Amino acid sequence: MEKVGERGAEWAIKYPVDIEGHISTAKLSRFVTTFNKTVVEYFRKTSLNGFGLLYFIRKRRIQRIFWFLFISFGILFASYAVFSMILEFLSYSTITDLSELKAFEEEIHFPELKICSGYKFSRRNMLAFAQDLVNSHNKSQDYWLNKLSLLSGYFDPFSVNEEDFYDINPILDIKNISSLLMGLTPACESLILKCKVNNVSTNCSQLFTLKAYKEGNCCALSKSNLTGELSLFVDSSKVDEYPLNDNFPGLILHVPSWQGRISINPGEMAAVEIEVMELQGNSQLNEFAVEKRGCYFPQEGESREKCLHECRIKATLINCQCAPYPFELSTQKFKHCTLENITCLQLVERNWSPAQCPQCLPLCNQLFYRLSKQILGHLHPWRSELTFKFKMPHRQLYKTNILYHWYQMLSNVGGVLGICIGCSFISGFELIYFLVFRLWSNYHRQSEI
């Protein structure tokens, strides 16, 4: 016996790898056997409808193959549906529903309506200022009218060339360029002759004030709580006709929206309808980051139009080291751009786009407006009559809500799994029980045997 033991020990010392390999193979074989036994036990005792048939009809080969393929298809379809649902949730965290909201007339206020003359400058104002320059400088009136036309570069940098204005800047008082441009613009008093609110005559100067905008100096509706019907009698007077590039005889109406712009030709009697669209964001959207929900609440940011305007100003400040017109909407820490900066302003205008300002997002709760015009007749060739009304009694409502709450997501996933493979929370814990506890128990029993 001692010799046999010594030989065994010598053999073990000589072939250690073979012994370890034999032991590893034995353990693997025992684990495979235990796993197969646990799987059979799971299919025999599982609460999942249909899975147990794979055990009970194991002697009916064709039926077993059919049932195996049917269950496999259910698992694949459920996996695809759940995966698609998760991807949709990650890509689009919000959903917008369109409906109509009944609104009373007294609840809807007029937006910031802007009425802009088709002429950037008034001819009578230009002639008066040119005559003042003739009296103070030894040049003709036509010469000064030609030079004053270059002031349109403050509104449109591409309307002038750099070499055309080298001798005009020393003459003009740059500090008062804003008041000069305002003085050369057609006045609101001469542009809007009569005003009626709900068929009651009203002083137009109490409703409209001249303000500076990027597209020009326009008469803006200053009364913020105006409701009902607004009627205007306007005059595109021939004495204000001063043709320049992109000018036209008539008016342009603006409201704060991408669809809020229409033109009025001289002599038209028009009914202008204002359609209101409301964007309403659910307060629960605060749970998501701004980038994911794609909008700002009032305490987080400002409107997209204002943000884009400020972004454009910043681009001009960075490239030209000056603030563009209109100056009252620009920062006061930098000097104002003049015609001397026209080359740089043209460069910014040519290369800037809203895509450079990804941080400018719309507000989650705001109103949008759309203007539509219906011609009712014609008046004097230089006179127009406008009637503004809201589209009543409904307005479009776009409600933005969370696509899924966590419990809705769980319910949808559970519904898909329940329909396709009859799975539930209990079935999931049951699978964990067999793959962990029963497998461990069977493995130890197998080792004891």
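As the structure is a computational prediction, the values presented were derived from the model and not from experiment.

## Re the packing of helix H10 (residues 304-320) against helix H11 (residues 342-351)
Here's step 1: Closest axis-to-axis distance for the H10/H11 pair is 10 Å, and the angle between their directions is 135°. One element, H10, and the other, H11, form an angle in the oblique class. Classified by chirality, the crossing of H11 by H10 is right-handed. Counting all contacts with H10, which are made through Arg312, Ala315, Thr316, Asn319 and Cys320, the residues of H11 involved are Cys344, Leu345, Val348 and Glu349.
Here's step 2: Of the residues assigned to the contact of H10 with H11, the class counts are five nonpolar, two polar and two charged.

## A look at the confidence of the model for the protein chain
Here's step 1: Across the protein chain, the average pLDDT comes to 79, with 82% of residues at 70 or higher.
Here's step 2: For residues 1-17, every residue scores under 50 in pLDDT, and the model assigns this stretch two contacts once sequence neighbours within four places are set aside.

## Notes on the nonpolar core
Here's step 1: Counting 32 residues, the largest nonpolar core has Ile115, Ile192, Phe208, Leu230, Leu232, Leu253 and Phe388 as its most contacted members.
Here's step 2: Ranked by residue count, the leading element in this core is strand S10 (residues 268-281), at four residues.
Here's step 3: Counting 22 residues, the second largest nonpolar core, distinct from the first, contains Met126, Leu148, Leu184 and Tyr242.

## Describing the pattern of salt bridges
Here's step 1: What the rule picks out here adds up to five salt bridges.
Here's step 2: Measuring nitrogen to oxygen at the nearest pair gives 3.6 Å for the salt bridge that ties Lys389 to Glu229. Linking Lys389 in strand S12 (residues 383-390) with Glu229 in the loop between strand S6 (216-221) and strand S7 (230-235), this pair joins segments that are 160 residues apart in sequence.
Here's step 3: Given the relative accessible area of 45%, Lys389 is considered partly exposed.
Here's step 4: Between Arg312 and Glu349 there is a salt bridge, with its nearest N and O atoms 2.6 Å apart. With a gap of 37 residues between them, Arg312 in helix H10 and Glu349 in helix H11 connect regions that are remote in the sequence.
Here's step 5: A residue is classified by how much of its surface remains accessible, and Arg312, at 25% relative accessible area, is partly exposed.

The rules behind these values
- Residues numbered from 1 in each chain as written.
- Predicted model: local features only at pLDDT ≥ 70, side-chain atom pairs only at ≥ 80, totals over all residues.
- Heavy atoms only, no water.
- Axes fitted to C-alpha atoms, helices over the stretch in contact; angles between N-to-C directions.
- Helix = DSSP H or I, 4+ residues; strand = E, 2+ residues; numbered from the N terminus.
- Parallel < 35°, antiparallel > 145°, perpendicular 65-115°, else oblique.
- Left-handed = near helix turned anticlockwise from the far one by under 90°.
- Contact = heavy atoms within 4.5 Å.
- Nonpolar A, V, L, I, M, F, W, Y, C, P; charged D, E, K, R; others polar.
- pLDDT = per-residue confidence, 0-100.
- Core = buried A, V, L, I, M, F, W, Y, C linked by side-chain atoms within 4.5 Å.
- Buried < 20%, exposed > 50% of the residue type's maximum accessible area, 1.4 Å probe, protein only.
- Salt bridge = Lys/Arg side-chain N within 4 Å of Asp/Glu carboxyl O.

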